[in-house]
Amino acid sequence: MEILNSPSRNPRAAMAKETQASTSSSSAISLIRKGWREVRDSADADLQLMRDRANSFKNLASSLDRELENFFNSASTFSVPSSRSSPTGDIDFVKKLQPKISEFRRVYSAPDFSKRVLEKWGPRAKLGIDLSAIKNAIVDEVEDRDAVTDFDRVIRGRRVRFKEFLGEEVQFGEWEPIRALKTRLRELEKRSSSSVLFGGFKNSEFVEKVRSSLKAICGETQDSKEVQPLDVPELLAYLVKQSGPFLDQFGVRRDICDKIVECLCSKRKNQPLSCTLSPEESSVIGNNNANEELDLRIASVVQSTGHCYEGGFWTDLTKHDPCDGKRHIAIVTTASLPWMTGTAVNPLFRAAYLAKSAKQNVTLLVPWLCESDQELVYPNNLTFSSPEEQESYIRNWLEERIGFRADFNISFYPGKFSKERRSIMPTGDTSQFIPSKNADIAILEEPEHLNWYHHGRRWTDKFNHVVGIVHTNYLEYIKREKHGALQAFLVKHINNWVIRAYCHKVLRLSAATQDLPKSGVCNVHGVNPKFLRIGEKVAEERELGRQAFSKGAYFLGKMVWAKGYKELIDLLAKHKNDLDGFNLDVFGNGEDANEVQSAAKRLDLNLKFLKGRDHADDSLQGYKVFINPSISDVLCTATAEALAMGKFVVCADHPSNDFFRSFPNCLTYKTSEDFVAKVREALAKDPQPLTSEQMYNLSWEAATQRFMEYSDLDRVLNNDNDNVKSRKTKGKTMMKSVSAPSLSEMVDGGLAFAHYCLTGNEILRLCTGAIPGTRDYNRQHCKDLHLLPPNVENPIYGW
């Protein structure tokens with residue numbers, strides 16, 4: 001039975017088995033063919049995708065090739081100006097870059113680079129189908145080697161035809177874009193040895209295209225395209241300009257910083273910086289001011305970004321806006337009549353002539369002293385029981401001299417007299433005595449003096465524009481005291497501190513004072529019109545052939561050593577024999593009167609001491625020569641008055657007398673021997689009459705005009721504030737002050753805050769020489785000025 005059932009012994013069974021196997025094989029081959037058609041269709045789609053990607057890469061390489069060609073052409077045609085810079089920096093840069101270029105070329109010049117690239121993108125990567133599973137399934141189903149052999153032949157045939165379809169040589173040959181890139185890299189490596197390869201990189205067409213592309217990506221607006229971006233010299237210049245407060249503390253003078261800024265701003269891309277500004281911007285700039293030009297450049301660039309600076313931690317941009325159409329000027333000074341000192345007289349005349357135009361309201365704020373202090377300060381034991389009484393005295397004195405009624409207000413703030421400093425010191429917050437509605441423009445006469453112990457609101461926060469006028473050379477006075485060098489060093493830096501914190505602009509009457517921040521030199525003082533009338537009378541008498549002067553030489557000044565008495569006695573003692581027969585009359589009162597007179601008597605000098613009096617007094621008009629050897633004055637008012645009266649003036653060759661050098665009757669000396677010669681010359685001949693121009697230069701009209709110009713008050717009163725400069729460009733207004741934060745303003749605000757904190761401590765105030773109890777005014781001040789206690793709001797003054 002088993003034999004019959006065996007396939008070898010049963011022909012029918014074997015035939016049936018073979019027929020079944022053939023049917024199964026045909027079905028398998030049909031299935032494989034169907035599967036292969038699907039694989040071939042998929043391979044065709046993949047090959048098409050590969051061709052598209054290869055074309056895209058080829059186009060990209062061609063574009064890169066063109067950009068590199070433009071880059072090389074621009075680099076080869078650029079030359080570095082030999083007069084401006086050295087190529088050393090470029091050589092170092094290229095030397096650092098050259099190894100990287102060589103490595104880049106070595107990698108992409110490798111022989112198998114193209115092969116590796118195309119192998120990644122070849123059909124094997126896309127057609128990596130494992131057919132061994134199908135083969136094993138067929139072998140398991142039909143154990144026929146011929147069928148398997150035929151299948152291998154089919155697969156190998158397909159593989160050979162696929163290779164023929166793609167092309168073996170094309171697949172692994174040198175691809176054209178890669179070969180071009182290798183060539184360009186070799187050229188780049190050769191050119192990298194040149195020192196000027198990257199000299200024209202900034203101006204190359206390639207960089208400009210990249211920059212344009214970045215602008216397009218960032219979505220730059222049309223308005224911003226009109227403003228060129230800042231370059232490195234401009235940024236450095238702005239950094240130096242804004243670092244002025246720090247550099248000043250390290251001894252770097254302001255003029256040096258200005259020169260650095262001007263040098264950095266002189267050229268931009270080998271063109272003057274002004275070429276980058278629009279005509280409207282250029283019209284705003286005057287006299288080729290590099291700082292002004294730089295400010296407008298920074299403001300225009302910042303504004304083009306849409307940014308608007310709203311102020312910082314220290315800055316208060318909310319200021320007074322005059323509602324009545326008239327501006328308000330508050331003049332704050334440290335002395336008042338009847339004390340005949342420069343800070344009492346000159347601010348009074350300034351207030352009168354500023355109010356004369358009637359274009360602005362003027363208020364003069366002077367110190368009020370209690371009766372006990374008045375007895376120490378005012379001459380001839382003159383005292384006032386009320387502010388109204390003193391105001392009446394001041395107005396009467398002024399009208400007698402100017403010849404017109406001045407329409408301005410006079411207000412008082414509490415003050416105390418310091419015997420050690422021989423000065424009046426403010427008590428309390430002086431800025432509170434200007435109502436907020438009138439807080440527009442402030443003129444601080446002696447700003448350092450007013451703010452040494454100022455504990456209150458910052459002047460520049462309350463007022464739109466604050467101008468300081470420096471009257472006194474405090475450093476010269478302090479150096480004469482014990483430990484004067486140390487004290488002068490401290491006072492110098494304190495002066496810098498308070499000036500920077502509380503003023504927008506500072507005017508120094510002469511270069512004799514220290515170089516303060518934000519300051520300029522200009523004589524903004526005139527002489528009493530009465531002296532000019534005396535000069536005119538003298539000229540008329542001389543024209544009639546009459547003798548105008550009947551006396552010799554005199555000196556007038558407060559009798560303290562620092563006012564020139566020491567220099568006068570030294571000169572006369574040294575040349576006593578050379579000036580034999582020379583007599584000098586001295587007019588003055590002061591704390592050092594006894595010492596001065598004792599020294600002159602001990603040296604047996606021909607000096608006659610008389611009481612102080614008004615320089616316009618009739619008893620002084622007959623003198624021909626005014627002697628002033630002082631080198632501590634900033635600008636001697638008595639010297640200007642003597643010149644206005646047509647007298648000779650013999651004074652030292654000193655910065656305080658620079659303004660007077662243009663007058664022919666001013667005789668300056670450099671040595672003691674020269675002093676003797678100038679005195680003899682003045683006594684031997686008559687002075688020249690003043691011309692109309694010289695008389696005008698000495699007048700308060702001319703001084704007021706100079707003040708309006710140099711303090712920027714002209715522009716402020718015309719609503720063109722220097723701190724808020726604006727320009728019109730295509731219908732848009734650019735506000736300079738609110739365009740970008742200022743490092744200087746932030747530093748100034750920090751200094752003001754620190755000063756406020758320190759002056760609020762009574763112990764620190766006393767250690768630095770303040771009068772006890774001057775942080776707030778006392779009961780007597782409250783009674784005299786009708787004030788409420790300092791911790792209660794006073795509606796009268798708008799606190």
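Residues numbered from 1 in each chain as written. Predicted model: local features only at pLDDT ≥ 70, side-chain atom pairs only at ≥ 80, totals over all residues. Heavy atoms only, no water.

An unreviewed UniProt entry lists the protein chain under the name Digalactosyldiacylglycerol synthase 1, chloroplastic, with Tripterygium wilfordii as the source organism. Quoted verbatim from the Sequence similarities (unreviewed entry) field of the UniProt record, the comment on the protein chain reads "Belongs to the glycosyltransferase group 1 family. Glycosyltransferase 4 subfamily." (UniProt positions renumbered as here; feature names shortened; annotations may be inferred.)

1. Some points on the overall build of the protein chain
Check the secondary structure of the protein chain and you find 34 helices and 16 strands. Taking as baseline every contact in the protein chain between residues at least 6 positions apart, the subset at least 24 positions apart corresponds to 72%. (Helix = DSSP H or I, 4+ residues; strand = E, 2+ residues; numbered from the N terminus. Contact = heavy atoms within 4.5 Å.)

2. Observations concerning the sheet that holds strand β2 (residues 360-368)
One open sheet accounts for eight strands, arranged β4-β3-β2-β1-β5-β6-β7-β8; its pairing is mixed. The sheet terminates laterally at β4 (423-426) and β8 (519-521), the two strands that pair on one side only. This sheet shows a mean twist of 30° between the axes of neighbouring strands, independent of strand direction. Here strand β5 (residues 441-445) runs beside strand β6 (residues 465-470); their pairing, made up of five bridges, is parallel. Its bridge partner lying in β6, Ile443 is registered against Val467. Of the strands in this sheet, β1 (327-332), β2, β5 and β6 are in contact with helix α17 (residues 342-356), which crosses β2 at around 165°. (Pairing = 2+ DSSP bridges. Axes fitted to C-alpha atoms, helices over the stretch in contact; angles between N-to-C directions.)

3. Here we look at the environment of Gln694
For Gln694, the location among the structural elements is in helix α29 (residues 692-698). Distance from Gln694 to Pro664, taken between C-alpha atoms, is 9.9 Å for residues 30 residues apart in sequence. When near neighbours in sequence (up to four residues on either side) are disregarded, Gln694 contacts Ser662, Phe663, Pro664 and Pro689.

4. Remarks on a nonpolar patch on the surface
Judged by side-chain polarity, Leu486, Phe489, Leu490 and Ile494 come together as a nonpolar surface patch covering roughly 380 Å² of accessible area. Mapped onto the elements, Leu490 comes out in helix α23 (residues 484-502). Assessed through its relative accessible area of 45%, Leu490 is described here as partly exposed. (Patch = residues over 30% accessible without salt bridge, like charges linked within 9 Å, V, L, I, M, F, W, Y side chains within 5 Å. Areas by Shrake-Rupley, 256 points an atom, 1.4 Å probe, with all protein chains shown as cover. Salt bridge = Lys/Arg side-chain N within 4 Å of Asp/Glu carboxyl O. Buried < 20%, exposed > 50% of the residue type's maximum accessible area, 1.4 Å probe, protein only.)

5. Looking at the confidence of the model for the protein chain
Confidence in the prediction for the protein chain averages 75 pLDDT; 63% of positions are at 70 or higher. When the criterion is pLDDT under 50, residues 1-9 qualifies, and its contacts beyond four places in sequence or with other chains add up to three contacts. (pLDDT = per-residue confidence, 0-100.)

6. Comments concerning the pattern of salt bridges
One pass over the structure, following the stated rule, counts 22 salt bridges. Residue Lys356 is joined to Glu701 by a salt bridge in which the shortest nitrogen-to-oxygen separation is 3.9 Å. Of this pair, Lys356 sits in helix α17 while Glu701 sits in helix α30 (residues 700-710), placing them 345 residues apart in sequence. Residue classification places Lys356 among the partly exposed residues on the basis of a relative accessible area of 47%.

7. Topic: the pairing of β5
Every regular strand shows the same layout, with side chains that alternate between the two sheet faces. Of all five residues that make up β5, five are buried, and the element is covered over most of its length. Of the two faces of β5, the one holding Ile441, Ile443 and Glu445 and the one holding Ala442 and Leu444 are both buried throughout.

8. Thoughts on the nonpolar core
Of all hydrophobic cores here, the largest spans 133 residues; its most connected members are Phe408, Leu584, Ile627 and Phe675. The element best represented in this core is α17, accounting for nine residues. When residues of this core are assigned to domains, at least three map to each of domain 1 (328-525 + 716-721 + 743-785) and domain 2 (529-698). Once residues within four sequence positions are removed from consideration, Leu584 is found in contact with Ala553, Tyr554, Phe555, Leu568, Leu572, Asn606, Leu607, Lys608 and Ile627. Residues Ala237, Val240, Val261 and Cys265 belong to the second largest nonpolar core, which totals eight residues. (Core = buried A, V, L, I, M, F, W, Y, C linked by side-chain atoms within 4.5 Å. Domains from an automatic or database assignment.)

9. Observations regarding the packing of aromatic side chains
Applying the stated criterion across every chain yields a total of 19 aromatic pairs. With centroids separated by 6.4 Å and ring planes inclined at 80°, the aromatic side chains of Trp339 and Phe417 adopt a geometry described as edge-to-face. On the criterion of sequence distance, the pair formed by Trp339 in the loop between β1 and α17 and Phe417 in strand β3 (residues 409-418) is long-range, its members being 78 residues apart. Trp339 sits in the buried class, given a relative accessible area of 13%. (Phe/Tyr/Trp six-rings, centres within 6.5 Å; stacked < 30°, edge-to-face > 60°.)

10. Some remarks on unusual backbone geometry
Along the chain, Leu337 connects to Pro338 via a cis peptide bond; the corresponding omega equals 15°. With respect to the helices and strands, Pro338 occurs in the loop between β1 and α17. For Lys518, which is not a glycine, the phi torsion comes out positive at approximately 60°. If you trace the backbone, Lys518 turns up in the loop between β7 (505-508) and β8. Even without glycine at this site, Asp604 takes up a positive phi of about 55°. Among the secondary structure elements, Asp604 is positioned in the loop between α26 (593-602) and β11 (607-610).

11. Some points on the sheet that holds β11
In space, the six strands of this open sheet follow the order β11-β10-β9-β12-β13-β14, with parallel pairing throughout. Both edges of this open sheet fall to β11 and β14 (666-669), since each of them pairs with a single strand only. Adjacent strand axes in the sheet meet at a mean angle of 25°, parallel and antiparallel pairs treated alike. Inspection of the sheet shows strand β9 (residues 551-556) paired to strand β12 (residues 623-628) by three bridges, in the parallel sense. Of the residues in β12, the one forming a bridge with Lys551 is Tyr623. Strands in contact with helix α25 (residues 565-574) are β9, β10 (584-587), β11, β12 and β14; relative to β10, the strand with the most contacts, it is inclined by about 165°. The sheet strands contacting helix α28 (residues 672-684) are β9, β12, β13 (648-652) and β14, and the helix crosses β14 at an angle near 160°.

12. What about the pairing of β6?
With respect to burial, β6 is a largely interior element, six of its six residues being buried. With burial as the criterion, each face of β6 is covered, one bearing His465, Val467 and Ile469 and the other bearing Val466, Gly468 and Val470.

13. What to know about the side chain of His455
Summarising the element assignment, His455 is placed in the loop between α20 (447-451) and α21 (459-462). Only 3.4 Å separates the side chain of His455 from the backbone nitrogen of Gly760, close enough to count as a polar contact. Setting aside residues no more than four positions away along its own chain, His455 makes contact with Asp429, Tyr756, Thr759, Gly760, Arg765 and Arg775. (Polar contact = N/O pair within 3.5 Å; in protein donor to acceptor, adjacent residues only side chain to side chain.)

14. What about the packing of helix α19 (residues 387-402) against helix α24 (residues 529-543)?
Here α19 crosses α24 at 30°, and the two axes come no closer than 7 Å. Comparing the axis directions of α19 and α24 gives the class roughly parallel. Touching Glu400, Arg401 and Ile402 of α19 are Pro529, Lys530 and Arg533, all from α24. Of the residues belonging to the contact of α19 with α24, the class tally is two nonpolar, no polar and four charged. (Parallel < 35°, antiparallel > 145°, perpendicular 65-115°, else oblique. Nonpolar A, V, L, I, M, F, W, Y, C, P; charged D, E, K, R; others polar.)

15. A closer look at the state of the cysteines
A covalent bond between the sulfur atoms of two cysteines is what we call a disulfide. Under the criterion given, the structure shown has zero disulfides. The thiol sulfur of Cys782 is not disulfide-bonded, and the nearest other cysteine sulfur, from Cys370, lies at 9.7 Å. (Disulfide = S-S within 2.5 Å.)

16. Side note on a positive patch on the surface
A contiguous patch of positive charge on the surface is contributed by Arg33, Lys34, Arg37 and Arg40. Position of Lys34 relative to the elements: it lies in helix α2 (residues 11-77). With a relative accessible area of 49%, Lys34 lands in the partly exposed category. (Lys, Arg positive; Asp, Glu negative; His and termini not counted. Charge placed at Lys NZ, Arg CZ, Asp CG, Glu CD.)

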